Amino acid sequence: VTLTTECADLLEATRRHSLAIAPLTEARPELTLADAYAVQDELTARREAAGDRVIGAKLGLTSVAKQAQMGVADPVYGRLFASTLHAAGSPLAIGRLIHPRVEPEIVFAMGERLAGPGVTTADVLRATTAVCCGLEVIDSRFADYSFTAADVVADNTSEAKVVLGPRMVPPAQLDLSLVGVLLEVDGELVATAAGAATLGHPAEAVAALANWLGARGQAIEAGWLVFSGGLTAAVPLVAGSHVTATFGHLGSVDVRGS
Ligand code: 0L1
Ligand code: MG
């Protein structure tokens, strides 16, 4: 059994049974970031073989708020799947998840394929059909969200669910670095941020993604949604709670734990 297969088997079982495990690197300190992306590729291939479909990608750990919360300062990426789209405002059964958290993000709808090297923020804005707001529901397969960069990459960067906001806006109409967000839990304001929190500009994060994918012979595909990374620290989603993110120009998006 290879390292890739062994890690993929473990993470697949963990997700299926909603039971957290110790970080992979605890027993396998030799696991590199390159190995971890190979595990993510393997898990992606298994989900596609089972009938799911990749609909995009997501950046992780692109903001100081997220890096500080998780204790990992390396931006990373993961895949998004058709099966994980969740309708805004509708109840999300948290019993199927381990310990979900919610974070507000700016989302790009891509009109053109983009692959590095050399992709710039301007290239990203040209290739983007529209932007909207979104919430990502993350659910680390590791106990207490304790992980290294390699662990979280192998775990598809804690991917669980995504929720899209109500309004698609052409990016030329906005300065995305200045788009503000208010994060509320049960009507109480818990965090604020602006688009600049993600690597200075959300499109800068998407450019970085195109360059990382290009270095691995992959690309951002036309038609993909790209979540550019949590703008604030993530908040727990518990049964009965209501998390709302209200953005300048992009409207508001919410999710309820049930
Ligand atoms: O958007 C993000 O920064 C997601 C980070 C994923 C890792 C995690 O916080 O569990
Ligand atoms: Mg995220």
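Quick notes on the rules
Residues numbered from 1 in each chain as written. Chains lettered and ligands numbered in written order. Predicted model: local features only at pLDDT ≥ 70, side-chain atom pairs only at ≥ 80, totals over all residues. Heavy atoms only, no water. Helix = DSSP H or I, 4+ residues; strand = E, 2+ residues; numbered from the N terminus. Rg over C-alpha atoms; globule rule 2.2 N^0.38 Å. Buried < 20%, exposed > 50% of the residue type's maximum accessible area, 1.4 Å probe, protein only. Contact = heavy atoms within 4.5 Å. Areas by Shrake-Rupley, 256 points an atom, 1.4 Å probe, with all protein chains shown as cover. Expected span 1.5 Å × (residues − 1). Arc of directions from axis to C-beta. Near = heavy atom within 4 Å. Polar contact = N/O pair within 3.5 Å; in protein donor to acceptor, adjacent residues only side chain to side chain. Nonpolar A, V, L, I, M, F, W, Y, C, P; charged D, E, K, R; others polar.

(A) Examining the overall build of the protein chain more closely. The helix and strand tally for the protein chain stands at seven helices and twelve strands. Here the C-alpha radius of gyration of the protein chain, 17 Å, is about what a compact globule of 258 residues would show, namely 18 Å. Seen along its three principal axes, the alpha-carbon backbone of the protein chain occupies a region of about 50 × 45 × 35 Å. Evaluated residue by residue, the protein chain yields a buried proportion of 54% over its 258 residues. Considering only contacts within the protein chain whose residues lie at least 6 apart along the sequence, 76% involve residues at least 24 apart. If you sum the accessible surface of the protein chain, you get close to 10200 Å²; carbon and sulfur atoms cover 55% of it.

(B) The arrangement of helix H1 (residues 3–17) in detail. Look at H1: 21 Å from first C-alpha to last across 15 residues, which is about the 21 Å you get at 1.5 Å a residue. Among all positions in H1, only Cys7, Ala8, Leu11 and Thr14 are buried. End-on view of H1: buried residues confined to an arc of 130 degrees, all on one side of the axis. Counted as exposed and oriented over 90 degrees from the buried face of H1: Arg16 and His17.

(C) Broad picture of the site of ligand 1. The full set close to ligand 1 counts 16 residues, and Leu61, Lys66, Glu103, Ser158 and Gly230 are the nearest of them. Within the contact set of ligand 1, an oxygen atom lies 2.7 Å away from a side-chain nitrogen or oxygen of Glu103. Measuring from an oxygen atom of ligand 1, one finds a backbone N or O atom of Gly230 at 2.7 Å. In isolation ligand 1 exposes 310 Å². Once the protein is present, 100% of that is buried. Elements with a minimum of two residues in the shell around ligand 1: strand S1 (54–60), helix H4 (64–70), strand S4 (101–110) and strand S5 (128–138). The class makeup of the residues in the shell around ligand 1 is seven nonpolar, five polar and four charged.

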